[in-house]
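# Structural overview for review
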Amino acid sequence: MITDPVLSVSAALIMSPQESVILHPTAVVSPNAALGPGVRVGPYAVIEDDSILGAGCEVGAHAVIKKYTSLGQRNRVFEHAVLGGEPQDVKFKGEKSRLVIGDDNLIREFATLHRASEEGHVTRIGSRNFFMVGVHIAHNCAVGDDNVFANGAALAGYITVEDHVFLSNNVGAHQFVRIGRYAMVGGKSKIVQDVLPFLITDGNPPRVRGVNSVGLRRAGFSEGARRALKDSYRLLFRSGVPLETALIEMDKMADENVAHLAEFIRGSKRGFTRARSGRDS
């Protein structure tokens, strides 16, 4: 007899005619969870009410998928990861919110991804991200596609991360900051302002160190596109001209990546991380 639907194995799922769903006998799966074809759930894993796992997802031993969590297809959730936990927000009063995850993500051991604070809000994760051991993504974050977060990287609430970002180990980011696409952030950096796209940011306090040339080349950026971004970097941080003048000159380049960089700067509300000053050098 099933007395607790959230913390009991669903006999209906185990005996389902959808034979491609494989549940370990010790897994604890709510009958109110929706599991797509090809889902595999390992020993002692827990999947709660109102969670959705798309086709081909794998959930490792002792991992927990909390209620109001949705995963797309072919995500791999490794041992002891916890997805959809309540937000660490003192204002949270148990409102219904969600964690929504795209496709083909790797979520390694002990990672924690929290659902949003506030009724009806969403913490949203895109596709093809690689979250290494111990990564934390807090409530109301919006993370795009193809990002890599190394061991121990942590995002506070309401952070926006664009696409193709690399966060090195133990990077810590303050709430509400934005991290632009193709940015690379060095290990243990303390991020309290926006991180500019296409550039390397490193240190504590963090400073812009230059263009992420290796990352851009590996991503297939042409030589001309990389040169335009290097020219923009020099305008912003080496020319000595006022910021607005530099942005006007960047607009004249008519390059889509430079345009995105300029738009990102103009949209900053917290300010953005700058290059090293002469004293730093």
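Keep in mind the model is a prediction, meaning the values are calculated, not measured.

## Overview of the overall build of the protein chain
Summing up its helical and strand segments, the protein chain has five helices and 28 strands in all. The buried share of the protein chain, reckoned over its 281 residues, is 48%. Carbon and sulfur atoms make up 52% of the accessible area of the protein chain, which amounts to about 13,100 Å² in all.

## Observations regarding the pairing of strand β28 (residues 206-211)
Where strand β27 (residues 199-203) lies against β28, five bridges are found, and the strand directions are antiparallel. Counted as the bridge partner of D202 is R207 from β28. What sits between the antiparallel neighbours β27 and β28 is a turn of two residues.

## Looking at helix α5 (residues 256-266)
Owing to its 3.6 residues per turn, the α-helix brings residues three or four apart onto one side. Residues of α5 that are buried: N257, V258, H260, L261, A262, F264 and I265. Looking at the buried positions of α5, the neighbouring elements they touch are β24 (178-179), α3 (223-237) and α4 (243-251). Two or three places before N257, at the opening of α5, D255 has a side-chain oxygen 2.9 Å from that residue's backbone nitrogen.

## Focus on α3
Here α3 spans 21 Å end to end across 15 residues, near enough to the 21 Å set by a 1.5 Å rise per residue. Each element contacted by the buried residues of α3 is listed here: β27, β28, α2 (213-218), α4 and α5.

## Comments concerning the sheet that holds β28
Hydrogen bonds between backbone groups are what pair the strands of a sheet, and the pairing can be parallel or antiparallel. Across the sheet, which stays open at both edges, the 11 strands sit in the order β1-β4-β7-β10-β13-β16-β19-β22-β25-β27-β28 with mixed pairing between neighbours. Lying at the two open borders of the sheet, with one neighbouring strand each, are β1 (22-23) and β28. In this sheet, strand β4 (residues 40-41) lies alongside β1 in parallel orientation, the contact comprising two bridges. Residue I22 lies in a different strand from β4, and its bridge partner there is R40.

## Quick word on the side chain of R115
Secondary-structure assignment places R115 in the loop between β14 (112-114) and β15 (122-125). Buried and without a salt bridge, R115 has E86 as its closest oppositely charged side chain, separated by 4.0 Å. Polar contacts involving the side chain of R115 include one to the main-chain carbonyl oxygen of E95, which spans 2.9 Å.

## Things to note about the sheet that holds strand β6 (residues 52-53)
On the basis of which strands lie adjacent, the open sheet formed by eight strands has the order β3-β6-β9-β12-β15-β18-β21-β24 and parallel pairing. Strand pairing shows two members of the sheet lacking a second neighbour, β3 (34-35) and β24, which therefore form its edges. Relative to β24, strand β21 (residues 160-161) runs parallel, the two sharing two bridges. What sits directly across from T160, in β24, is R178.

## Some points on the pattern of salt bridges
Taken as a whole, this structure holds 13 salt bridges when the rule is applied. Salt-bridge contacts for D231 lead to R234; the nearest nitrogen and oxygen are separated by 3.1 Å. Here R234 and D231 lie together in helix α3, a separation of three residues that amounts to about one turn. The class for D231 is partly exposed, based on a relative accessible area of 32%. By relative accessible area, R234 is classed as partly exposed at 46%. One salt-bridge network, in which partners are shared between bridges, spans R128, D145 and D146.

Conventions used here
Numbering of residues starts from 1 in each chain and follows the order in which that chain's sequence is written. Restriction of local features to residues with pLDDT of at least 70 applies here, the model being predicted, together with a cutoff of 80 or more for giving and counting side-chain atom pairs; totals for whole chains, interfaces and linings are based on all residues. In computing side-chain properties, one takes all heavy atoms of the structure into account and sets aside hydrogens as well as water. What counts as a helix is a DSSP run of H or I of at least four residues, what counts as a strand is a run of E of at least two, and both are numbered from the N terminus. For every residue, the accessible area obtained with a 1.4 Å probe (protein chains only) is divided by the maximum for its type, and the residue is called buried under 20%, exposed over 50%, and partly exposed between those limits. Areas reported as accessible are Shrake-Rupley estimates using a 1.4 Å probe. Residue values count occlusion only from the protein chains shown. Here the rule is simple: two strands pair whenever DSSP picks up at least two bridges between them. Residue contacts are defined here by distance: any two heavy atoms, one from each residue, within 4.5 Å place the two residues in contact. Distance and chemistry together define a polar contact, namely a pair of N or O atoms within 3.5 Å, with one atom able to donate a hydrogen and the other to accept it when in protein, and with adjacent residues in sequence counting only for side-chain atoms on both sides. Each residue after the first adds 1.5 Å to the expected span of a helix. Residues scored as charged are limited to Lys and Arg (positive) and Asp and Glu (negative), so that His and the chain ends carry no count. We define a salt bridge as a side-chain nitrogen of Lys or Arg found within 4 Å of a carboxyl oxygen belonging to Asp or Glu.

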